[in-house]
Amino acid sequence: MTSSRAFLTSFALVGTLFAGPICALDLPSGAEMTAQNETAPATFARAPFDGERVPMITAPGTLHLQAWRVGGDAQTNFQLITSLTDQLVAEGHEIVFQCQAVSCGGYDFRFAVGQFAPPDLFIDLGRYHYATLRKGDAFVGLLVSHGGSDGFVQISQNNALREITATAPSAHIPRVTTGDLGQALEGRGHVVLDGVRFDTGSATLTDATITRLKDLATYLTNNPDRRIALVGHTDAIGGLDGNTALSKKRAAAVRARLIERHGIAGSRLEAEGVGYLSPITTNLSQEGREANRRVEAVLLNTN
C-alpha cells in the first residue's frame, strides 16, 4: 500500500499515476486531495451491513482510493453525492447500490468501506452517503460526509481510472468566515463551531477570542428572525448519563458566551446535549476524541 498526504490545490491527474482509460469527474471548486492509496482486491459495497458483514462486489484489478476535502462546502451530503453520481450516470454508469448512514449500517458500514482516517477524511457516523456505480468492468465507489464547514469525499476505483479535477478558487477559501457559516447553516441545517474545544470532562470555555462564535453572533445579528439550538457532544470516555449532562453544560457555556459577550437574546438560543451518541469521527484515537468534543449550531425555525 502506498500513501500521500500532499495537498493538491487545483487538480489531480490520477491517470498519470496509474494506467487505464481516463474519464473526467469534476469536484466542487477548491477541492483538495488529502490522501491516496491502492490495495487489492478491488471491492465495492453492493448492500448494507447485514449484521455480520458488508456484502461486496469484487471487481477486476487494483483498488485505487483518494480522499478529498472541499473547503467551505455549503451543500448537503445528498447534494454533494448527487452532483458526482449525475456525472457518472451521464457517462453511462448505472447505480448498483446507494444508501445513507442509517440505511447503510452506520459505524460498521463506514469502517468497511472508508479507507482513510481523520484529518484526511472526516465521516460523521450519523450523516454520510455512499454509492457504488458500474460501467462494464469499471466500478466507482463514493463516500461523502461533512465535518465542520468542509465536505469530505472518498473516491474508490478499479483499473478503469478517471481524471479527478477541481476548479481552483480565485482566492484561498478561509475555513471560517461569516458567509461560510451562514451558507452551511442554511444549506445543511447545522455547523460545527470550530475553535470551541474542551478537555475531557470539562465544560469550561477559555477567555481567548473564538472566531466561530463571533461569526455566529454576526449571522444572528444580521438575521434577527433566526433561532439556533446549540448541541453539545462528547468523546466516548465514561458513561452515557454523565456524558449527556456534560455535553449539555458545554452547550450552555457557549449559549452564555453568546448572550453575555455578543448580546444575543437568550430567547433565540437553546442548549442541549447528546453525549457521545453522534460522533463526527472515531473515538479510537486522541485526535478523534478531540474532534468529537464539540458544540454544533443547529438552525431552527424562524420566529
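Shown above is the structure to which this text applies.
Numbers given to residues run from 1 along each chain, matching the order in which its sequence is written. Local features in a predicted model are, by the rule used here, given only for residues with pLDDT of at least 70; side-chain atom pairs are given and counted only at 80 or more, and totals for whole chains, interfaces and linings are based on all residues. Side-chain calculation: all heavy atoms of the structure are included, whereas hydrogens and water are not.

Trainee: Explain the overall build of the protein to me, please; I cannot follow it from the model alone.
Mentor: Only DSSP runs of H or I reaching four residues or more are called helices, and only runs of E reaching two or more are called strands; each is numbered from the N terminus. Summing up its helical and strand segments, the protein has seven helices and 15 strands in all. Going through the 303 residues of the protein one by one, you find that 50% of them count as buried. Once local pairs closer than 6 in sequence are excluded, the contacts in the protein between residues at least 24 apart make up 74%. When the accessible area of the protein is evaluated, it comes to approximately 12800 Å², of which 52% is carbon and sulfur surface. Residue exposure (1.4 Å probe, protein chains only): buried if accessible area is under 20% of the type maximum, exposed if over 50%, otherwise partly exposed. Contact between two residues is taken to exist if any of their heavy atoms lie within 4.5 Å; hydrogens are not considered. Computed with the Shrake-Rupley method and a 1.4 Å probe, the accessible areas treat only the protein chains shown as cover for residues.

Trainee: I would appreciate a short explanation of the packing of aromatic side chains in the present structure.
Mentor: How two aromatic rings sit relative to each other is given by the distance of their centres and the angle of their planes. The criterion for an aromatic pair is that two Phe, Tyr or Trp rings (for Trp, the six-membered ring) have centres within 6.5 Å, with stacked assigned to planes under 30 degrees apart, edge-to-face to planes over 60 apart and tilted to the rest. Counted by the stated rule, this structure contains seven aromatic pairs. Arranged with centres 6.4 Å apart and planes meeting at 45 degrees, the rings of phenylalanine 97 and tyrosine 130 form a pair that is tilted. Taken together, the residues span a long stretch of sequence, with phenylalanine 97 in strand 7 (residues 94-100) and tyrosine 130 in strand 8 (residues 128-135) at a distance of 33 residues. Per residue, the accessibility class of phenylalanine 97 equals that of tyrosine 130, and both read buried. Through a chain of ring-to-ring contacts, the aromatic side chains of Phe97, Phe109, Tyr128 and Tyr130 assemble into a single cluster.

Trainee: Any chance you could explain the pattern of salt bridges here in plain terms?
Mentor: Note on pairing: side chains with opposite charge can pair once their charged atoms come close. One side-chain nitrogen of Lys or Arg within 4 Å of one carboxyl oxygen of Asp or Glu is enough to make a salt bridge. For the structure on display, the rule yields eight salt bridges. Of the charged contacts in the structure, one is a salt bridge between arginine 69 and glutamate 32, with a shortest N-O distance of 2.9 Å. Taken together, the positions of arginine 69 in strand 6 (residues 63-70) and glutamate 32 in strand 3 (residues 31-39) put the pair 37 residues apart, joining distant regions of the chain. For the pair arginine 69 and glutamate 32, a shared accessibility class is recorded, and that class is buried. Ionic pairing is found between arginine 227 and glutamate 270, a salt bridge with its closest N-O pair at 2.9 Å. Taken together, the residues arginine 227 in the loop between helix 5 (211-222) and strand 13 (228-233) and glutamate 270 in strand 14 (residues 269-273) connect sequence positions 43 residues apart.

Trainee: Honestly, the state of the cysteines in this entry has me stumped. Any pointers?
Mentor: Here a disulfide denotes one covalent bond, and it connects the sulfur atoms of two cysteines. Disulfide: a pair of cysteine sulfur atoms within 2.5 Å of each other. All chains considered together, the criterion is met by one disulfide. Across the disulfide from cysteine 99 sits cysteine 104; the S-S distance is 1.8 Å. Given an S-S torsion of about 100 degrees, the disulfide between cysteine 99 and cysteine 104 has right-handed geometry. Like cysteine 104, cysteine 99 is buried.

Trainee: I'm lost on the sheet that holds strand 6 in this one. Help?
Mentor: Within a sheet, neighbouring strands are paired by backbone hydrogen bonds and run either parallel or antiparallel to one another. Spatially, the six strands line up as an open sheet ordered 3-6-10-9-8-7, and their pairing is antiparallel. Looking at strand neighbours, the two that pair on one side only are strand 3 and strand 7, the edges of this open sheet. Across the sheet, the axes of successive neighbouring strands diverge by a mean angle of 15 degrees, strand direction being ignored. Two strands form a pair only when DSSP identifies at least two bridges running between them. Across seven bridges, the pairing between strand 6 and strand 10 (residues 150-157) is antiparallel. Angles run from 0 to 180 degrees between N-to-C directions of axes, and those axes are lines fitted to C-alpha atoms, restricted for helices to the stretch in contact.

Trainee: Quick question: what am I supposed to make of the nonpolar core here?
Mentor: Soluble, globular proteins show a tendency: their nonpolar side chains are buried together. Ranked by internal contacts, the top residues of the largest apolar core, which has 28 residues, are Phe44, Ala45, Phe109, Leu121, Tyr128, Tyr130 and Leu143. Within the residue set of this core, elements represented by two or more residues are strand 4 (42-45), strand 5 (56-59), strand 6, strand 7, helix 2 (101-104), helix 3 (106-113), strand 8 and strand 9 (138-147). If sequence neighbours within four positions are ignored, phenylalanine 109 has contacts with Ala45, Ala47, Pro48, Phe49, Val54, Phe97, Cys99, Cys104, Tyr128 and Tyr130. Grouping buried Ala, Val, Leu, Ile, Met, Phe, Trp, Tyr and Cys residues that are joined through side-chain atoms within 4.5 Å yields what is termed a nonpolar core. Ranked by size, the runner-up nonpolar core spans 24 residues in total, among them Leu185, Val196, Ile210 and Leu258.

Trainee: Just checking my understanding: could you explain the environment of valine 70 for this structure?
Mentor: When you line up the elements, valine 70 lands in strand 6. Non-local contacts of valine 70, meaning those with residues more than four positions away in its chain, are made with Pro28, Ser29, Ala31, Ser149, Asp150 and Gly151.

The values reported here are purely geometric and, on their own, carry no functional implication.
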